[in-house]
Amino acid sequence: MARPADLELASVTKSYGGTVAVDAINLKIKAGTYCCLLGPSGCGKSSTLRMIAGHEAVSDGDIALGNEIVNKLPPAKRGTAMMFQSYALFPHLSVRDNVAFSLKMKGVGKVERSIKATEALKLVDMERYAERLPSQLSGGQQQRVALARALVTDPQILLLDEPLSALDPFLKIKVRAELKRFQRELGISFIHVTHSQEEAMALADLIVIMNNGKIEQAGTPREIFNAPATEFVARFIGGHNVMPIDGRMVSVRADRLTVTAEGGEGVAASVREVEYQGTAVYVSLATEAGLEMTAIVPERAFYQRPFETGDTVTVHWDPNDIHELSAAS
């Protein structure tokens, strides 16, 4: 495999006419990192991925892979490989020929590209399906073939554009575990675009949360979840209650709220919804002033003293669980 390399984006901007899709972002991704670019539709994450790949031109700034500025290099010369959301497999070619196709375009001889394609298929445990057509494979198998096709070029960085979006929920969990295993075994960086918070939390060493073309926060999943930098991050990542306390905008994790039927110190609220989720019960609450909160209560604790929609309860939390937020990045 190629030697892993650091990736650095320095004041990278992408404009489409008068619209700025990516606004002077700075980011360093260390070699061997599983990085997820996370954010809502239109936040700039896919444009960022396409600029790294070379499928979009950089309007301003620099992209460096290792010690080389790669802005002007075509995709095939960058040391990156892209795995597309649609997989983009050729329906008339066998699995082996799909994987070998990019090598054929580079002029690699038939014997060598067959050997390399077989090695890539072995890596993703698809060698036994080498002679099948894509239509004879399941969605998960097609994705493995697309992954093998990207890896056959021996990239320093693998770029993945919403790779799990076409899979059913059960297969998503299985395949994301495989992606993480492949990344660890290969030792190269994976840069994975997603709008799924759960996906990013499960996979990433580094989560980069984007909003309106800017990076709101970059950090480990635990850093992002425990210490969201801004109101946007706290709301987008989920599991947090954003509220004003003593004139400050703060967040308190939903699992850190205590809800009791008795009075006492705390905030009075009415129960709007009770949602059973197996290991926990999600309780939607609202105060008279209109402040909405969610509490995540362990199943056993909830059913020891349950309450119902319409009940008045008291909500309280440890002051140490209050996390102060910035209004914006």
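Residues numbered from 1 in each chain as written. Predicted model: local features only at pLDDT ≥ 70, side-chain atom pairs only at ≥ 80, totals over all residues. Heavy atoms only, no water.

Looking at an unreviewed UniProt entry, one finds the chain named ABC transporter ATP-binding protein and attributed to Kaistia nematophila. Recorded in UniProt under Sequence similarities (unreviewed entry), the annotation for the chain is "Belongs to the ABC transporter superfamily." For the chain, the Subcellular location (unreviewed entry) comment in UniProt is given as "Cell inner membrane". (UniProt positions renumbered as here; feature names shortened; annotations may be inferred.)

K.L.:
Even after reading the chapter, I still don't get the nonpolar core, so can you show me in this structure?
P.N.:
Inside soluble globular proteins, nonpolar side chains tend to come together where they are buried. Core analysis: the biggest nonpolar cluster contains 47 residues, and Val-99, Leu-147, Leu-158, Leu-179 and Phe-190 have the highest contact counts within it. The dominant element in this core, judged by the number of residues it contributes, is helix H4 (residues 139-151), at six residues. Residues contacting Val-99, with those up to four places away along its chain left out, are Ala-117, Ala-120, Leu-121, Val-145, Ala-148, Arg-149 and Val-152. The next biggest cluster of nonpolar side chains, apart from the first, holds 29 residues, and it includes Leu-9, Ile-25, Ile-29 and Val-208. (Core = buried A, V, L, I, M, F, W, Y, C linked by side-chain atoms within 4.5 Å. Buried < 20%, exposed > 50% of the residue type's maximum accessible area, 1.4 Å probe, protein only. Helix = DSSP H or I, 4+ residues; strand = E, 2+ residues; numbered from the N terminus. Contact = heavy atoms within 4.5 Å.)

K.L.:
Whenever I open this one, the pattern of salt bridges confuses me. Can you help?
P.N.:
Pairs can form between side chains of opposite charge whenever their charged atoms are close. Counted under the stated rule, the structure contains 16 salt bridges. With a closest N to O distance of 3.9 Å, Arg-144 and Asp-125 form a salt bridge. You can see Arg-144 sitting in helix H4 and its partner Asp-125 sitting in the loop between helix H3 (110-123) and H4, a full 19 residues away along the chain. Accessibility expressed as a relative area gives 15% for Arg-144, which makes it buried. For Glu-198, the salt bridge is made with Arg-176, and the minimal N-O distance between the two is 3.6 Å. (Salt bridge = Lys/Arg side-chain N within 4 Å of Asp/Glu carboxyl O.)

K.L.:
Quick question: what am I supposed to make of the sheet that holds strand E15 (residues 280-286) here?
P.N.:
The strands that make up a sheet pair up through hydrogen bonds in the backbone, lying either parallel or antiparallel. Reading across from one edge, E13-E17-E14-E15-E16 is the order of the five strands in this open sheet, with antiparallel pairing throughout. Each edge of the open sheet carries a strand with a single partner, namely strand E13 (258-260) and strand E16 (292-298). The average angle at which neighbouring strand axes cross in this sheet is 45°, direction not considered. Across four bridges, the pairing between strand E14 (residues 267-276) and strand E17 (residues 312-316) is antiparallel. (Pairing = 2+ DSSP bridges. Axes fitted to C-alpha atoms, helices over the stretch in contact; angles between N-to-C directions.)

K.L.:
Would you explain helix H1 (residues 45-53) in this entry?
P.N.:
An α-helical turn contains 3.6 residues, so a residue and the one three or four places further along point in the same direction. The element H1 is extensively covered by neighbouring structure, given that seven of its nine residues are classed as buried. For H1, the full list of buried residues reads Lys-45, Ser-47, Thr-48, Leu-49, Met-51, Ile-52 and Ala-53. Within two residues after H1, Gly-54 carries a phi angle of roughly 95°, on the positive side.

K.L.:
When you look at the side chain of Arg-113 in this model, what are you seeing that I'm missing?
P.N.:
In this structure, Arg-113 sits in helix H3. Buried within the structure, Arg-113 lacks any salt-bridge partner; its nearest side chain of opposite charge belongs to Asp-97, at an N-O separation of 6.2 Å. Apart from the residues within four sequence positions on either side, Arg-113 is in contact with Ala-100, Leu-103, Lys-104 and Val-108. (Lys, Arg positive; Asp, Glu negative; His and termini not counted.)

K.L.:
In this structure, what is going on with helix H5 (residues 169-186)? I would like to understand it.
P.N.:
When the terminal C-alpha atoms of H5 are compared, their 26 Å separation across 18 residues agrees well with the 26 Å that a helix rising 1.5 Å per residue should span. On the buried face of H5, the contacting elements are strand E3 (34-38), H3, H4, strand E7 (157-161), strand E8 (189-194) and helix H6 (197-203). Sitting at the amino-terminal end of H5 is Asp-168, which places a side-chain oxygen 3.0 Å from the backbone nitrogen of Phe-170. In the segment just after H5, Gly-187 is the residue with positive phi, at about 80°. (Expected span 1.5 Å × (residues − 1). Polar contact = N/O pair within 3.5 Å; in protein donor to acceptor, adjacent residues only side chain to side chain.)

K.L.:
Help me understand the UniProt feature "domain: ABC transporter" (unreviewed entry) in the chain in this model?
P.N.:
Within this structure's numbering, the places UniProt gives as "domain: ABC transporter" (unreviewed entry) are residues 7-237. Secondary structure within residues 7-237 divides into 37% helix and 26% strand; the distance between the first and last C-alpha atoms comes to 25 Å.

K.L.:
Would you take a moment to explain the sheet that holds strand E5 (residues 68-69) for this structure?
P.N.:
Taking strand neighbours across the sheet as the criterion, the four strands line up as E2-E1-E4-E5 in an open arrangement whose pairing is antiparallel. Whereas interior strands pair on both sides, the edge strands pair on one side only; in this sheet they are strand E2 (19-29) and E5. Here strand E1 (residues 7-16) pairs with E2 via seven bridges, running antiparallel. In the strand pairing of E2, Leu-9 is matched with Leu-27. Strands E1, E2 and strand E4 (60-65) of the sheet are contacted by H1, whose axis makes an angle of about 115° with E1.

K.L.:
Please explain the pairing of strand E9 (residues 206-211) as it appears in this structure.
P.N.:
Of all six residues in E9, six are buried; the element is thus mostly enclosed. The alternating pattern of E9 places Leu-206, Val-208 and Met-210 on one face and Ile-207, Ile-209 and Asn-211 on the opposite face, and all of these are buried. As paired elements, E3 and E9 share four bridges and run parallel to each other. Bridge pairing links Cys-35 to Leu-206 in E9. Of the pairings in the sheet, the one linking E9 to strand E10 (residues 214-219) comprises five bridges and is antiparallel in character.

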